[in-house]
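The chain contents come next:
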Amino acid sequence: MPTIPTRAPEPRPARRSAVVGRRGAGLAAAVAALTHEALEREFLLTPKPGLVDRRNTGSHRDMDLSTFAASAAAIAPFAAPFFRLGRAAAALPAEAVLATLRPTGLEAERAMYAATGGVNTHKGSIFAFGLAAAAAGRVVGRGDALDAEAVCEDVAAIAAGLVERELGPTHEATTAGAAIHRRFGLTGARGEAASGFATVRHGSLPVLTAALDRGVGTERALHAAFLHLLEHNPDTNLVARGGPQGAAFARAAAAALRRRGGIDAPDFVAAMERLDDAFIAANLSPGGSADLLALTWFLHRLPALAADPPPRRRS
Ligand SMILES: CC(C)(COP(=O)(O)OP(=O)(O)OC[C@H]1O[C@@H](n2cnc3c(N)ncnc32)[C@H](O[C@H]2O[C@H](COP(=O)(O)OP(=O)(O)OP(=O)(O)O)[C@@H](O)[C@H]2O)[C@@H]1O)[C@@H](O)C(=O)NCCC(=O)NCCS
Ligand SMILES: Nc1ncnc2[nH]cnc12
């Protein structure tokens with residue numbers, strides 16, 4: 001069982017120029033290390049309403065921090081083969097790429113279930129990070145600068161048509177996401193990918209970088225990004241547990257927190273803790289937003305990778 005650090009370290013400053021230095025095996029390993037760092041930053045961030053964090057297990061009875069630590073350790077290494085598959089597929093038409101990734105995605109899901117004793121901790125993350133790592137590989141394989149824009153555009157091309165193909169009216173609704181699409185029209189993890197992670201790219205990522213640029217600490221900047229996701233991400237997990245009313249409650253609560261100053265409000269942490277208690281009472285869990293928060297950090301740090309060594313791992 002991996003040890004759980006109490007908090008993630010401050011990162012070195014990201015270089016936002018087009019970095020094209022490290023293109024060898026080291027880059028695949030660095031993408032996997034960054035994936036682990038991003039997942040860890042997400043589950044350690046506290047408080048997060050309804051989610052597992054250092055304060056409590058949120059609205060969950062079958063998972064805690066140690067489950068997330070085990071899950072992150074099991075799935076993050078798969079980012080390296082996703083990256084290599086993407087680099088090998090750099091010249092393929094985008095619509096042919098997903099089929100090359102799915103066996104590795106399913107293997108990563110099996111590794112997650114083996115590590116967690118059958119609990120779904122990171123299925124959405126495996127999907128999002130699988131696509132992002134593969135797109136990063138394609139970007140590098142084409143000799144382009146490794147940045148969030150290029151990666152998100154390639155993810156949009158790879159995932160184009162996925163909602164129509166997998167959630168269309170002729171398909172049996174076998175998952176919560178598919179059933180929610182049928183009833184309420186939400187497109188969930190697939191729609192977010194097909195949009196090129198628009199909620200992240202045009203929302204939580206600029207919110208994160210703006211907070212960091214004005215000197216806000218990493219944890220609080222991640223809270224700003226999370227609050228943005230809570231208000232704007234159509235999270236199928238919230239709907240699965242609380243129906244459209246549950247999702248509307250979460251959105252309105254996040255908007256209210258933003259209006260009273262967000263992370264700059266003097267009682268921000270206490271307000272988030274009150275919201276955590278309210279989510280738990282209503283059995284709400286924004287698991288999709290948790291995944292997108294981790295992805296926000298990943299995309300923020302990605303440009304620094306090609307030049308820097310992989311983030312230092314704690315034992
Ligand atoms: C295409 C897949 C995502 C599979 O599709 P599925 O139909 O299973 O997907 P969805 O139900 O639509 O969502 C899957 C997870 O995606 C996350 N998510 C939800 N909304 C969004 C959103 N708007 N944007 C992005 N991501 C979103 C969310 O994951 C998190 O929640 C998980 C916990 O979920 P669950 O167990 O259902 O919830 P609980 O409330 O805990 O359940 P109960 O306790 O009540 O029973 C956790 O995993 C978080 O990650 C959705 O759950 C994709 O998985 C797929 O195609 N897989 C096949 C393999 C593959 O190809 N892999 C990728 C290759 S690149
Ligand atoms: N911290 C967390 N708590 C519950 N579900 C999650 N899915 C991804 N991260 C999560």
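Remember, it's a predicted structure, so these values are computed and weren't measured experimentally.

Q: If you had to explain the environment of Ala304 to someone new, which residues and values would you point to?
A: Residue position: Ala304 is located in helix H14 (residues 287-305). C-alpha separation for the pair Ala304 and Ala159, spaced 145 residues apart in sequence, amounts to 25 Å.

Q: I'd love a proper account of unusual backbone geometry, names of residues and values included.
A: Pro47 follows Thr46 through a cis peptide bond whose omega is -5 degrees. Mapped onto the elements, Pro47 comes out in the loop between helix H1 (25-44) and helix H2 (65-75). The backbone of Phe197 sits at a positive phi, close to 55 degrees, despite the residue not being glycine. Along the polypeptide, Phe197 turns up in the loop between helix H9 (188-194) and helix H10 (198-213). With a relative accessible area of 2%, Phe197 lands in the buried category.

Q: Just give me the short version of the packing of aromatic side chains, but keep the residues and values in it.
A: Across all of its chains, the model carries three aromatic pairs by this definition. When the centroid spacing of 6.2 Å and the interplanar angle of 40 degrees are considered together, the rings of Phe43 and Phe68 count as tilted. Here Phe43, found in helix H1, pairs with Phe68, found in helix H2; they are 25 residues apart in sequence, far enough to count as distant. The exposure class assigned to Phe43 is buried, which follows from its relative accessible area of 2%. According to the relative accessible area criterion, Phe68 is buried, its value standing at 8%. Consider the rings of Phe129 and Phe298, whose centres lie 5.2 Å apart with planes at 75 degrees: the pair is edge-to-face. Within this pair, whereas Phe129 is found in helix H5 (residues 123-141), its partner Phe298 is found in helix H14, the two being separated by 169 residues in sequence. Using a relative accessible area of 4% as the deciding quantity, one classes Phe129 as buried.

Each value, and the rule that gives it
Residues numbered from 1 in each chain as written. Chains lettered and ligands numbered in written order. Predicted model: local features only at pLDDT ≥ 70, side-chain atom pairs only at ≥ 80, totals over all residues. Heavy atoms only, no water. Helix = DSSP H or I, 4+ residues; strand = E, 2+ residues; numbered from the N terminus. Buried < 20%, exposed > 50% of the residue type's maximum accessible area, 1.4 Å probe, protein only. Phe/Tyr/Trp six-rings, centres within 6.5 Å; stacked < 30°, edge-to-face > 60°.

By themselves, these are just geometric observations and shouldn't be taken as functional.
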